[in-house]
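Per-entry structural report
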Amino acid sequence: LPRPTSPFGFEGIDPVPAGTDEVVVPKGFQWAPIIAWGDPILPGAPAFDFNSQTSAAQAGQFGYNCDYVGVIPTNRNGKEAVLVANNEYTNNELMFAGYAGASSLTDDQVRITMMAHGMSVVEMRRRDKHSRWTYRKAAPLNRRITAVTPFDIVGPVRGSELVRTSADPRGIRALGTFGNCAGGTTPWDTVLSGEENFNGYFTQPASAGSDRAGQALTRYGLASGSTAQHAWDRVEPRFDLTREPQEANRFGWIIEVDPLDPTSTPKKLTALGRMKHEGANVIISDSGHVVAYMGDDERYDYMYKFVSAKRYRKGDRRHNATLLHEGDLYVATFDGEADGTHDGQGRWVPLTQGGRSAVPGFTHEEVLVYTRLAADAVGATKMDRPEDVEPNLVTGKIYAALTNNSRRTAAEVDGPNPRPSNKHGQVLEITERRGDHTGTRFAWRLVLVCGDPQDPQTYFLGYDKSEVSPISCPDNLAFDGDGNLWISTDGNALGHCDGMYLYPLEGRGAGHLQQLLSVPAYSECCGPLVQWDDRVVFAAVQHPGEDTGASTTNVLSTFPYQGNTQPRPAVIMVWPKNRGKGPQHGEGHG
Ligand code: FEO
Ligand code: CA
Ligand code: CA
Ligand code: CA
């Protein structure tokens, strides 16, 4: 008998063994790359040439290791849109022949890595809603944001002594963004992106003082004595903290980019706190306040929300673009009992309120720059690596991917983090009390405890476990137009390739996890983004071919194929082959 199909109208694929260098989609579906590392975006940018890459070329080409994917329509005809993708980091061993550590890079190769980070903004077109999206070279909105692009520091920390440097003595303008992981698109069509693992980009002091600044260096992984991982300090001394100690305070923020205005200066949003920001996703509360939900992706770190001081005004883009400049920041606490049930109550504890610090002993600026220390001080709940945290706009509930935590001990398990040595992760749901996103009380439950379904510790909302797909290490989340959850994974610990999964949360199919996509050898599946009405799914294939010992001569992936001899991270789309004439969502036959 065929397995039941999802509302999306597909029969889930079987898990694909780790190391398989293929993109696998369900029967009746197809996939295609839209844009890959090195594809030219800006006017004059040359075609990608693996053997003679330059920093000048890379500055006009699609960046490396795409993660967040946003698609914003630019025309009501449904045939034009702008794609925004984060370019989180680089795999130098896969980019440069003979790579032997950062010291082996030429100065221009160092600059190539700087230009391959950041974000890529590129216009796309399609013939009709059943056809392939293709990107448009040199289109008016196309843009590259890199490790050197100027950003305005906005919000309470603008001008603070804590973010002043010798190059920016007023503390108002930072250069570049990197480590950009997940993100979100706002109702006013800007894109938010999290600066995540920013610490490794700096040459660090070997130890730090015991004052608050020193405690923060240690807490943020900035006092290890290590050298900048891509030797950026060789071409820009600001990446050496022993010479420019406050430069790192200008990273670890949520940034906001307006992809509809290529001349706009992107912003660092200091009111949302500084951490290893995975991303931010917003919802508008009944009162009109904008609420951003966020995770700090480190073992034992926290979940946060921000509530804007001002209210959203429909259609007033200029006003709405200031909403994330000012508001209150909260951190989550969950009731802690490891009582075997997967639900409980929780509270948002204020860190800032009404433009002031809510944490005794911390100034307002200290709470925002040293947010982890402030959250430690109020006793926030230590989570299993919060990745994407995102509201479901259909139901108003919030979902968090807690990806794994190998270090959690049996003595440290609690309700929302119920397993020691957590290899596979879980997905947490938050229901704000009375549906009020500005409030401080919530109920929580786990909706998915990941792993092999035969493992009795796993949980799939009570669905028949013989029918569900195995899943491990949930990372990025998205929702479709019916409020179903989509999950993409990073770091499958079950011996399978990573992929993308549909997870209905309500109704008869609730808990019926099905895999839509399996991504190439040693890649992580990012995005995802679902264009529900058109049954198009976007995904970012990040770090294909990344594994111990991999290099430009030990090639483990040639994704996206088509004559490539080396792996190239790319944004792909998955969509039905039958021009939408086959099983539509809701029909449910395979
Ligand atoms: Fe870049 Fe938390 O993953
Ligand atoms: Ca991630
Ligand atoms: Ca997401
Ligand atoms: Ca991850």
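The rules we used
Residues numbered from 1 in each chain as written. Chains lettered and ligands numbered in written order. Predicted model: local features only at pLDDT ≥ 70, side-chain atom pairs only at ≥ 80, totals over all residues. Helix = DSSP H or I, 4+ residues; strand = E, 2+ residues; numbered from the N terminus. Rg over C-alpha atoms; globule rule 2.2 N^0.38 Å. Contact = placed C-beta atoms within 7 Å. Buried ≥ 20, exposed ≤ 12 C-beta atoms within 10 Å, placed from the backbone. Pairing = 2+ DSSP bridges. Axes fitted to C-alpha atoms, helices over the stretch in contact; angles between N-to-C directions.

The name given to the chain in an unreviewed UniProt entry is Phosphatase, with Janibacter melonis as the source organism.

Turning next to the overall build of the chain. When helices and strands are tallied, the chain shows 8 helices and 32 strands. Computed over the C-alpha atoms, the radius of gyration of the chain is 22 Å, within 12% of the 25 Å expected from 2.2 N^0.38 for a compact globule of 590 residues. Residue pairs at least 24 apart in sequence account for 61% of intrachain contacts in the chain once pairs closer than 6 positions are excluded.

Turning our eyes to something else, we now look at unusual backbone geometry. Look at the link from Phe559 to Pro560: it is a cis peptide, with omega at 0°. Looking at the secondary structure, you find Pro560 in the loop between β31 (536–542) and β32 (570–576). Residues other than glycine seldom take positive phi values, yet Ala231 does so here, at roughly 60°. Here Ala231 lies in the loop between α4 (212–219) and α5 (232–235). The phi dihedral of Arg385 falls on the positive side, at around 55°, and the residue is not glycine. Turning to its location among the elements, Arg385 is positioned in the loop between β21 (383–384) and β22 (386–391). Arg385 gets classed as buried once you count the C-beta atoms within 10 Å, which come to 25.

The antiparallel open sheet is built from 4 strands, whose spatial order is β1-β32-β31-β30. Looking at strand neighbours, the two that pair on one side only are β1 (29–36) and β30 (524–531), the edges of this open sheet. Pairwise comparison of adjacent strand axes, ignoring direction, gives a mean angle of 25° for this sheet. Summarising the sheet, β31 and β32 pair through 5 bridges and their orientation is antiparallel. In the sheet register, Phe538 faces β32, and the bridge partner there is Met573.

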